[in-house]
Every structure is written in structure tokens, then in C-alpha cells.
Amino acid sequence: AQTVTQSQPEMSVQEAETVTLSCTYDTSESDYYLFWYKQPPSRQMILVIRQEAYKQQNATENRFSVNFQKAAKSFSLKISDSQLGDAAMYFCASRGAGANSKLTFGKGITLSVRP
Amino acid sequence: DVKVTQSSRYLVKRTGEKVFLECVQDMDHENMFWYRQDPGLGLRLIYFSYDVKMKEKGDIPEGYSVSREKKERFSLILESASTNQTSMYLCASFGQFNQPQHFGDGTRLSIL
């Protein structure tokens, strides 16, 4: 079984500054993947960044990076140089590495960016 | 790019109607999913399918059924729509287990 917890429903950041969105998870899987998805007001869910649990190195995609703490089961997303277009809902998710695993989502966090 | 297409972006139906939500993906993905999204609750899994004619219940299957007659198409069926099924419905798919899920645009369903 898997659970994903996003305890902050909303956050706000000033344009050009850095913000960190927190996420904790629990899983019985020995190998798994973690994801951050973004859902802008236009609604389509898009992948921001992915982390394989067996990799110690934190994933990075341009201005987006994660802080993956496996022992603590923590998977936070850092957005650097925040832009107005980063305003969206962000969902943390986990999935086991088996062929028939399903994706489990947190409840999401609404990020607003102040100009 | 993977394309997941949901047949309607907005749909209004009446209580008691049988409602079909269609989802088609163009990347030959084995795995397809239906979620509903409600404020404060995030995404909740309704049903999923790992192959043609196969289906598995998710976390909230009550009041729903699914059909997967062809690999590219996964249909969600509300047998007798009720007002508490008013929600945003999202379809998703993925191929290999190390790949992310791709989502459709969503269907905003209102049951009156």
C-alpha cells in the first residue's frame, strides 16, 4: 500500500524567488518511483520531475529540483527563480516499480506567484 | 508525444442517466486509469486496466464500471448518475513501468 501526504494546501512565492513544496510518502514497495505533477488552470496534468528511488542523486530539470530523503520518506520540490507561469496546483505521487503498479497522489498544493 | 484524448471537456447529465466517458490514447500503452478530482481530495483512482478486457478496482469504484474492448480505448460508465458524481474526471495512461503517466485534458461532469 502507498500513501502520499502533502500537508500544505497553499503556498505563495514572490516572482524570481525560490519556493519549496513538501511531500512525504509511505510505501511497502522495495523499489518505486516518485513524481511531481503540475496542473495549471488549463487543467492538463503535466509531469514536472521524476525520481527513481534507487538513485541517490536528486533529480533536476532546469529550475526544478527535488530533495529526496529516502530514510525520512520525504520528497520535496524546489522551484528556483519562480515565474508567473509556475502558478498551478502541484501534486506529489508515488508508484511501485512493478509492472502492474498504480500511481498514488497526494491532495495537492496550490502555488501562487506574486508579481 | 503521447496523446490522451477525452471525448468531452464539459458534460451535463441528469440524475439516473447512464453516462459514458471515453478515453483514447495513441501510444499503444497497456496501462490506463480513470481518476476523479475534487477540491481538497486530490486525485482518487476509480478503476484501472493493465490490458485489453482486464480491469481492476481502484479506491472508489462504487457507482462506476469500465470497459476496455480495445487497447487504445478505456471507457468509464456511470450506470445511474447521481449528483455526488459531479466532478472532474481524468484519464491517464503509461507504457513501461519506469515511464510517467500521461493525462488527458479532463472532463468536467455535472449531474443535475
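See the structure shown above.
Within each chain, residues carry numbers counting from 1 in the order of the written sequence. Chains and ligands are labelled by the order in which they are written, letters from A for the one and numbers from 1 for the other. Totals for whole chains, interfaces and linings use all residues, but because this is a predicted model, local features are given only for residues with pLDDT of at least 70 and pairs of side-chain atoms are given and counted only at 80 or more. In computing side-chain values, all of the structure's heavy atoms are included and hydrogens and water are not.

Strands here are runs of E lasting at least two residues and helices are runs of H or I lasting at least four, both read from the DSSP assignment and numbered beginning at the N terminus. Helices and strands together make up the secondary structure of chain B, namely zero helices and 12 strands. Secondary structure elements of chain B occur, N-terminal to C-terminal, as β-β-β-β-β-β-β-β-β-β-β-β. Throughout this description, buried means an accessible area under 20% of the type-specific maximum (1.4 Å probe, protein chains only), exposed means over 50%, and partly exposed covers the range between. When each of the 112 residues of chain B is scored for burial, the buried share is 49%. Counting contacts in chain B only where the partners sit at least 6 residues apart, residues at least 24 apart contribute 54% of the total. Note on areas: Shrake-Rupley, 1.4 Å probe, and residue coverage restricted to the protein chains presented here. Counting every atom, chain B has about 5400 Å² of accessible surface; 48% of that belongs to carbon and sulfur. Note on charges: Lys and Arg go in the positive column, Asp and Glu in the negative column, and His and the chain ends are not counted at all. Where a charge lies is defined by one atom per residue type: Lys uses NZ, Arg uses CZ, Asp uses CG and Glu uses CD. Averaging the coordinates of the 15 positive side-chain charges in chain B and doing the same for the 15 negative ones gives two points 6 Å apart. For this analysis, residues touch if any pair of their heavy atoms sits within 4.5 Å.

Right, let's get into the environment of A:Ala97. Residue and element names in this part refer to chain A. Take Ala97: it is sitting in the loop between strand S10 (88-96) and strand S11 (103-105). Taking the relative accessible area as the measure of exposure, Ala97 reaches 13% and is therefore buried. Expressed as a C-alpha distance, the spacing of Ala97 and Glu52, which sit 45 residues apart in the sequence, is 9.0 Å.

What follows is about the pattern of salt bridges. Pairs can form between side chains of opposite charge once their charged atoms are near each other. Residues and elements named next belong to chain B. Whenever Lys or Arg places a side-chain nitrogen within 4 Å of a carboxyl oxygen from Asp or Glu, that contact is recorded as a salt bridge. As enumerated under the stated definition, the model contains 11 salt bridges over all chains in all. Note that Asp38 and Arg44 form a salt bridge whose closest N and O atoms lie 2.9 Å from each other. The exposure class of Arg44 is partly exposed, given its relative accessible area of 25%. For Lys53, the salt bridge goes to Glu69, with nearest N and O atoms at 2.4 Å. Separated by 16 residues along the polypeptide, Lys53 in the loop between strand S6 (42-49) and strand S7 (56-57) and Glu69 in strand S8 (residues 64-70) bring together distant segments of the chain. Lys53 sits in the exposed class, given a relative accessible area of 59%.

In this section: the nonpolar core. Residue and element names in this part refer to chain A. Ranked by internal contacts, the top residues of the largest apolar core, which has 25 residues, are Leu21, Trp36, Phe75, Leu77, Ile79 and Tyr90. When contributions to this core are tallied by element, the ones reaching two or more residues are strand S3 (19-21), strand S5 (32-39), strand S6 (46-52), strand S8 (64-69), strand S9 (74-79), S10 and strand S12 (109-114). Those residues within four positions of Leu21 in sequence are excluded, and the remaining contacts are Gln8, Met11, Trp36, Ser76, Leu77, Ile79, Tyr90, Ile109 and Leu111. Residue types Ala, Val, Leu, Ile, Met, Phe, Trp, Tyr and Cys, when buried and joined through side-chain atoms within 4.5 Å, form a set referred to as a nonpolar core.

It is worth spelling out the packing of aromatic side chains at this point. Aromatic rings from Phe, Tyr and Trp, with only the six-membered ring used for Trp, were paired whenever their centres fell within 6.5 Å, and each pair was classed as stacked if the ring planes differed by under 30 degrees, edge-to-face if by over 60, and tilted otherwise. For the coordinates displayed, the defined rule picks out 15 aromatic pairs over all chains. A ring pair is formed by A:Tyr37 and B:Phe103, whose centres lie 5.4 Å apart and whose planes are at 80 degrees; its orientation type is edge-to-face. Residue A:Tyr37 is found in strand S5, and its partner B:Phe103 is found in strand S11 (residues 102-103); the two belong to separate chains. We classify B:Phe103 as buried; its relative accessible area is 3%. Aromatic side chains B:Phe33 and B:Tyr35 sit 6.3 Å apart centroid to centroid with 20 degrees between the ring planes, which places their arrangement in the stacked category. As far as burial versus exposure is concerned, B:Phe33 and B:Tyr35 are alike and both buried. Ring pairing ties together the aromatic residues A:Phe35, A:Tyr37, A:Phe91, A:Phe105, B:Phe33, B:Tyr35, B:Phe48, B:Tyr50, B:Phe94 and B:Phe103, which thus form one cluster.

The next thing to look at is the state of the cysteines. Residues and elements named next belong to chain A. To count as a disulfide, a pair of cysteine sulfur atoms needs to be within 2.5 Å. For the structure on display, the rule yields two disulfides over all chains. Each sulfur in the disulfide pair Cys23 and Cys92 lies 2.0 Å from the other. Linking Cys23 and Cys92, the disulfide has an S-S dihedral of approximately -70 degrees and is accordingly described as left-handed. Taken together, the positions of Cys23 in the loop between S3 and strand S4 (24-27) and Cys92 in strand S10 put the pair 69 residues apart, joining distant regions of the chain. A single burial state applies to Cys23 and to Cys92, both of which are buried.

With that out of the way, let us pick up the interface of chain A and chain B. Each partner contributes to the interface: chain A provides 23 residues, whereas chain B provides 28 residues. Interface of chain A and chain B: buried area, both sides summed, is about 2000 Å²; carbon and sulfur atoms make up 49% of it. For the chain A face of the interface with chain B, the top three residues by lost area are A:Arg43, A:Arg95 and A:Lys102, together amounting to 31%. For the interface between chain A and chain B, the tally reads one salt bridge. The partner of A:Lys102 in a salt bridge is B:Asp59, and the shortest N-O contact between them spans 3.6 Å. Whenever two N or O atoms come within 3.5 Å, that pair is a polar contact, provided that in protein one can donate a hydrogen and the other can accept it, and provided that, for residues adjacent in sequence, both atoms are side-chain atoms. The interface formed by chain A and chain B contains five residue pairs in polar contact (both at pLDDT 80 or more). In this description, buried area is defined as the sum, over both parts, of the accessible area (probe of 1.4 Å) that is lost when the two are combined.

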